[in-house]
Amino acid sequence: MNLVRRAIVCGSCGQSSEQIQTNSGGESGAPDLDTRPNGLVRSTIAFWMQRCPHCGYCAGDISSIHEQAADLIASEAYQKQLNDARFPAKACEFLAHALILDQVGQYADAGWTCLHAAWVCDDNGGNGQAAARGRAMEYWRKAKLAGEDFAEPELEHALATDLLRRMGRFEDALINCNQALDAEEPLPDLIEHLLRFEKTLIQRQDTGTYRLSDLPAFQS
Ligand SMILES: [Zn+2]
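Residues numbered from 1 in each chain as written. Predicted model: local features only at pLDDT ≥ 70, side-chain atom pairs only at ≥ 80, totals over all residues. Heavy atoms only, no water.

Now, about the overall build of the protein chain: what can you tell me, with residues and values included?
Scanning the protein chain for helices and strands turns up seven helices and four strands. Mapped from its N terminus to its C terminus, the protein chain presents α and β elements in the order β-β-β-β-α-α-α-α-α-α-α. In terms of overall dimensions, the protein chain is globule-like: its C-alpha atoms have a radius of gyration of 18 Å, near the 17 Å expected for 220 residues. Overall, the C-alpha framework of the protein chain stretches about 55 × 40 × 30 Å when taken along its three principal axes. Burial analysis of the protein chain (220 residues in total) assigns 44% to the buried set. In the protein chain, the share of contacts with a sequence separation of at least 24, taken over all contacts with a separation of at least 6, comes to 55%. Entry remark: accessible area of the protein chain is about 11,000 Å², with carbon and sulfur atoms responsible for 47%. (Helix = DSSP H or I, 4+ residues; strand = E, 2+ residues; numbered from the N terminus. Rg over C-alpha atoms; globule rule 2.2 N^0.38 Å. Buried < 20%, exposed > 50% of the residue type's maximum accessible area, 1.4 Å probe, protein only. Contact = heavy atoms within 4.5 Å. Areas by Shrake-Rupley, 256 points an atom, 1.4 Å probe, with all protein chains shown as cover.)

Lay out the pairing of strand 1 (residues 3–9) with the relevant residues and their values.
Pairing of strand 1 with strand 2 (residues 16–22) involves seven bridges; the strand directions are antiparallel. Each bridged residue has a counterpart across the sheet, and for Arg5 the counterpart in strand 2 is Ile20. Joining the antiparallel neighbours strand 1 and strand 2 is a turn of six residues, in which Gly14 adopts a positive phi near 80°. (Pairing = 2+ DSSP bridges.)

Tell me about a nonpolar patch on the surface, and please be specific about residues and values.
Together, Met1, Leu3 and Leu40 make up a nonpolar patch on the protein surface, roughly 270 Å² of accessible area in all. The exposure class of Leu40 is partly exposed, given its relative accessible area of 40%. (Patch = residues over 30% accessible without salt bridge, like charges linked within 9 Å, V, L, I, M, F, W, Y side chains within 5 Å. Salt bridge = Lys/Arg side-chain N within 4 Å of Asp/Glu carboxyl O.)

Give a description of the coordination of the zinc ion that names residues and reports values.
The protein atoms donating to the zinc ion are Cys10 (SG), Cys13 (SG), Cys52 (SG) and Cys55 (SG), with metal-donor distances spanning 2.3 Å. One can describe the site at the zinc ion as tetrahedral: its four donor atoms subtend angles covering 106 to 112° at the metal. As a motif over one chain, the donors of the zinc ion read C-x2-C-x38-C-x2-C. Cys52 sits in the buried class, given a relative accessible area of 1%. (Donors = N, O, S within 2.8 Å, 3.2 Å for Na, K, Ca; no water. Tetrahedral: all angles 85-135°; square planar, octahedral: opposite > 155°, others 65-115°.)

Residues and numbers for the domain arrangement of the protein chain, please.
For the protein chain, the domain assignment lists domain 1 (34–145) and domain 2 (153–206). If you average the C-alpha positions of domain 1 and of domain 2, the two centres end up 25 Å apart. Taken together, the contact pairs 13 residues of domain 1 with nine residues of domain 2. When the two sides are added together, the surface that domain 1 and domain 2 hide from each other amounts to roughly 940 Å², 70% of it contributed by carbon and sulfur. For the domain 1 face of the interface with domain 2, the top three residues by lost area are Asp34, Arg133 and Met137, together amounting to 46%. (Domains from an automatic or database assignment. Buried area = accessible area lost by both parts, 1.4 Å probe.)

Before we move on, can you summarise the environment of Ala143 with the specific residues and values?
Turning to its location among the elements, Ala143 is positioned in helix 4 (residues 129–145). Separated by 55 residues in the primary sequence, Ala143 and Glu198 have C-alpha atoms spaced 24 Å apart. Leaving out residues up to four positions away in the same chain, Ala143 has contacts with Tyr107, Ala108 and Glu148.

A description of the environment of Glu67 should follow, citing residues and the corresponding values.
Topologically, Glu67 is positioned in the loop between strand 4 (58–59) and helix 1 (76–82). The spatial distance from the C-alpha of Glu67 to the C-alpha of Gly11 is 10.0 Å, given a sequence separation of 56 residues.

Residue-level account of the pattern of salt bridges, with values.
In the structure shown here, the tally under the stated rule is 17 salt bridges. Between Glu93 and Arg51 there is a salt bridge, with its nearest N and O atoms 3.9 Å apart. In this pair, Glu93 is assigned in helix 2 (residues 89–103) and Arg51 in strand 3 (residues 50–51), connecting sequence segments 42 residues apart. Given the relative accessible area of 8%, Glu93 is considered buried.

Go over the environment of Leu95, please, and point to the residues and values.
Along the chain, Leu95 turns up in helix 2. Considered as a pair, Leu95 and Thr113 are 18 residues apart in the sequence and their alpha carbons are 6.8 Å apart. Setting aside residues up to four positions removed in sequence, Leu95 forms contacts with Gln81, Phe87, Cys114, Ala117, Ala132 and Arg135.

If you want it as structure tokens, here you go:
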């Protein structure tokens, strides 16, 4: 992995700190059912979010901050989220960044950031993963109410189904899955295979992580 250490001046408090950036990419193979990449990219998640050690500002790049979020960093709600012991510390950084995105009205991205927090939880024994996925669902619901898509329309149901299943909310997952499968519009083949696989997993009450390459349609 290619790691670069750089001194960055925080856009929120103006103090400098050393941050690590990674520029590794390359082939990642088949992603998980919730789009999480595999291969080398998967292991770089610890470097997706920078955290200012002075004020606690968390972002992919802390050198600048949205003007509407400037007051949020010092707030009790933000600082509490940053130190929420129910989640791994790295997951807290993603969840805190989601509060910023929420504040500036970027609800779809706030949801994705919470899903990334859930991936960090998955990698650290699973504590907090269901709560993080629940928050992703809440932000995505907020996005839809605001007229914002969080993914390609056909993919949204499949994503919601996977998050609900991973949270152990099997009834809700099944409702979501069936709604998509029963829709009049024909589904793209991949989404149809994905939803049918999800249905099997829901019926087995399986909360595990699977890749697209696990789909029966892709097994030869
Ligand atoms: Zn700072």
